[in-house]
Amino acid sequence: MEDVLRIGGVGVDVLAATYGTPLYIYDQHAIEERMEDYRRYFHSDVLHCEVLYASKAFCIQEMMRLAKRHDLSLDVVSGGELYTALAAGVDPKRIYFHGNNKSPREIEEALQAGVGTLIVDNVMEGECLCAQMSQRTGEVHVLLRVNPGVTAHTHEYIVTAHDDSKFGISIHEQEAIVRLIERFSQTAGIVFDGFHAHIGSQIFEREAFETEIAILGRFLAELQHTYGIEAHSLDVGGGFAVRYTDADAPIPLPQLCQTITAACERQKQLHGLALERILIEPGRSIVAQAGLTLYTVGFQKQTAHRHYLFVDGGMSDNIRPALYQAAYACDVANRMNDPKTVRTCVAGKCCESGDVLIEEVMLPPCQAGDLLAVYTTGAYGFSMASHYNRLPRPAVVFIKDGQARCVVRRESYADLLRGEDVET
Ligand SMILES: Cc1ncc(COP(=O)(O)O)c(C=O)c1O
Ligand SMILES: N[C@@H](CCCC[NH3+])C(=O)O
């Protein structure tokens, strides 16, 4: 192995010298390969299969363009994500608009743009949509988000389908669901397609998805056989785990896709469902492993129990360790062959004791100016970045075929003042 880490054939020392640090670096080929793999493996002979990229994981125009090029649809959850997708030239019909509290204005924007499908999250939103549709012409497809009450084993902040979740209507509220679907059928322009559920994020167990689908199957059967409501589409969400450290063993993609398609086929057959189409919404598992964050090492210090190594970013570019106690792996990227002899705590530069990127990792002795690569930061890093402590957001670089290209420029101090030239 060379002393300097290379991404897509380019040395990270060259990238740091050209674009500065902190820097989000993506292997574009890895993203595209993953998109293709999803398209290849999410397949059924019985059901039409559709893959949506959950853009919240990493929402920039270039990602939207890649999704479009690889024929993925898009999941957006806000006017801002929708705006980004449209700006990138995504066909609005391929956009699915999620969110538990879309504003009336966002709904209006989505309808105006001709967004293909709205995922209605609660009864009030459904009523708001019906009211807006009765004032206009055109058509919108609707999926209703239901909460199947599945508790997946992941961090409590990213579980989305326990009984008291803020997302979706509980499948136990059948009357409310039936009434809402009736309202949809009475409203010109609304085409009710079926249901959506999403049980959480970074989920490792196949059984969680099998349980989700079995519960949804029984629910669809009850609606179909008791009320004559046919759901032609079922979107089972995303949440597929990735490998952040050696402790993680995600379900391999072919098995994951097979688990989902087989479970859906089984439910269709078991209950004689009218189901024709199934959808999944991977976000993290498309981009996380294709990305890393490159930092420059600054000062170090020894306390009674810890050796601290400070880097030039931190919770402002990666909130996940502070928010979810997320674990990451890293290397001193210009000393890849040096023996790892120092038990190190990697901390950021933000004014918070919790600004620790990696609690404990063995690293080689290193100096100010060395480069530290934190792996698997491609999802929910840039998209959850903040300006805390007025740190400008890092640049984003995509590497393909040995060529680097800056797809988001580094923010300047002047960018931080944008919007403040008002009523002084
Ligand atoms: C509705 C919905 N779909 C898809 C996703 C994407 O999840 P992940 O990035 O874990 O695949 C999320 C986030 O958890 C979500 O809330
Ligand atoms: N942002 C979270 C996951 C939430 C996904 C959106 N529902 C993470 O970084 O793990």
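Residues numbered from 1 in each chain as written. Chains lettered and ligands numbered in written order. Predicted model: local features only at pLDDT ≥ 70, side-chain atom pairs only at ≥ 80, totals over all residues. Heavy atoms only, no water.

On to the nonpolar core. Of all hydrophobic cores here, the largest spans 108 residues; its most connected members are Met63 and Phe195. Here this core gets nine residues from one element, more than from any other, and that element is helix H8 (residues 206-227). In contact with phenylalanine 195, not counting residues within four places along its chain, are Leu143, Leu144, Val146, Ile177, Ile181, Phe219, Leu220, Leu223, Ala231, Ser233, Leu234 and Asp235. The next biggest cluster of nonpolar side chains, apart from the first, holds 17 residues, and it includes Val12, Leu23, Met336 and Ile399. (Core = buried A, V, L, I, M, F, W, Y, C linked by side-chain atoms within 4.5 Å. Buried < 20%, exposed > 50% of the residue type's maximum accessible area, 1.4 Å probe, protein only. Helix = DSSP H or I, 4+ residues; strand = E, 2+ residues; numbered from the N terminus. Contact = heavy atoms within 4.5 Å.)

It is at 12 Å that the axes of helix H7 (residues 174-186) and H8 come closest, and there the two elements cross at 65°. In this structure, the crossing between H7 and H8 has a hand that is right-handed. Residues Gln174, Ile177, Val178 and Ile181 of H7 lie in contact with H8, whose contacting residues are Phe219, Glu222, Leu223 and Tyr227. Grouping the constituent residues of the contact of H7 with H8 by class yields six nonpolar, one polar and one charged. (Axes fitted to C-alpha atoms, helices over the stretch in contact; angles between N-to-C directions. Left-handed = near helix turned anticlockwise from the far one by under 90°. Nonpolar A, V, L, I, M, F, W, Y, C, P; charged D, E, K, R; others polar.)

Right, let's talk about the packing of H8 against helix H9 (residues 253-271) for a bit. One can describe the packing of H8 onto H9 by two numbers: an axis separation of 9 Å at closest approach and a directional angle of 25°. One finds that H8 runs roughly parallel with respect to H9. Read as a crossing pair, H8 and H9 show a hand that is right-handed. Across from Arg206, Phe209, Glu210, Ile213, Ala214, Gly217, Arg218, Ala221 and His225 in H8, the residues of H9 making contact are Gln255, Leu256, Thr259, Ile260, Ala263, Cys264, Gln267 and His271. Residues that form the contact of H8 with H9 fall into these classes: eight nonpolar, six polar and three charged. (Parallel < 35°, antiparallel > 145°, perpendicular 65-115°, else oblique.)

Overall, the coordinates contain 24 salt bridges when judged by the stated rule. Residue arginine 390 pairs with glutamate 420 through a salt bridge whose shortest N-O separation is 2.6 Å. Of this pair, arginine 390 sits in the loop between strand S18 (371-375) and strand S19 (395-400) while glutamate 420 sits in the segment after helix H12 (413-416), placing them 30 residues apart in sequence. Judged by its relative accessible area of 39%, arginine 390 is partly exposed. (Salt bridge = Lys/Arg side-chain N within 4 Å of Asp/Glu carboxyl O.)

What follows covers unusual backbone geometry. Leaving glycine out, the prevailing phi sign among residues is negative, and the prevailing peptide bond configuration is trans. Across the junction of threonine 21 and proline 22, the peptide omega takes the value -10°, indicating a cis bond. Inspection of the secondary structure puts proline 22 in the loop between helix H1 (12-19) and strand S3 (23-27). Positive phi, normally seen in glycine, also occurs at glutamine 325, with a value near 55°. Its place among the elements puts glutamine 325 in the loop between helix H11 (320-324) and strand S15 (330-332).

Bringing the site of ligand 1 into the picture now. Close to ligand 1 lie 16 residues, the nearest being His198, Ser201, Glu281, Arg284 and Tyr380. Between glutamate 281 and ligand 1, the recorded distance is 2.5 Å, taken from a side-chain N or O atom to a nitrogen atom. Arginine 284 is positioned such that a nitrogen or oxygen atom in its backbone is 2.7 Å from an oxygen atom of ligand 1. In isolation ligand 1 offers 390 Å² of accessible surface; the protein chains occlude 93% of this area. Spatially, ligand 1 is embedded in the largest pocket. For the shell around ligand 1, the class distribution of residues is four nonpolar, seven polar and five charged. (Near = heavy atom within 4 Å. Polar contact = N/O pair within 3.5 Å; in protein donor to acceptor, adjacent residues only side chain to side chain. Areas by Shrake-Rupley, 256 points an atom, 1.4 Å probe, with all protein chains shown as cover. 1 Å grid on protein atoms, 1.4 Å probe; cavity = no way out; pocket = protein on both sides within 12 Å on 5 of 7 lines; lining within 4 Å. Sits in = over half its atoms within 2 Å of the grid points.)

Turning to the layout of surface pockets, a few remarks are in order. Considering only enclosed or pocket space, the largest pocket measures out at about 1,100 Å³ in volume. Considering the residues around the largest pocket, the lining is formed by 44 residues, among which Lys56, Val77, Glu81, Tyr380 and Ser383 are closest to the centre. Contributing elements (two or more residues each) for the lining of the largest pocket: helix H10 (284-287) and H11. Across the lining of the largest pocket, the residue classes break down as 16 nonpolar, 13 polar and 15 charged. (Points joined across faces, edges and corners; volume = space filled by probe spheres on them.)

Our next topic: empty space enclosed by the protein. Applying the stated criterion across every chain yields a total of one cavity of 30 Å³ or more. Estimated volume of the largest cavity: approximately 40 Å³. Lining the largest cavity we find Arg34, Tyr38, Ile203, Phe240, Ala241, Ile251, Leu256 and Ser285. Along the lines of polarity and charge, the residues of the lining of the largest cavity split into six nonpolar, one polar and one charged.

With that out of the way, let us pick up the pairing of strand S14 (residues 307-311). Of all five residues that make up S14, four are buried, and the element is covered over most of its length. Pairing analysis gives four bridges linking strand S13 (residues 291-302) to S14, with the strands arranged antiparallel. Within S14, the position partnered with lysine 301 by the bridge is tyrosine 308. As consecutive antiparallel partners, S13 and S14 are separated by four residues. (Pairing = 2+ DSSP bridges.)

Once that is clear, we can look at the site of ligand 2. Looking at ligand 2, there are eight residues lining it, with Arg284, Arg320, Tyr324, Tyr380 and Met384 nearest. Measuring from an oxygen atom of ligand 2, one finds a side-chain N or O atom of arginine 284 at 2.7 Å. In this structure, an oxygen atom belonging to ligand 2 sits 2.5 Å away from a side-chain N or O atom of arginine 320. Burial of ligand 2 by the surrounding chains reaches 84%, relative to a free accessible area of 320 Å². The residue inventory of the shell around ligand 2, partitioned by class, reads four nonpolar, one polar and three charged.

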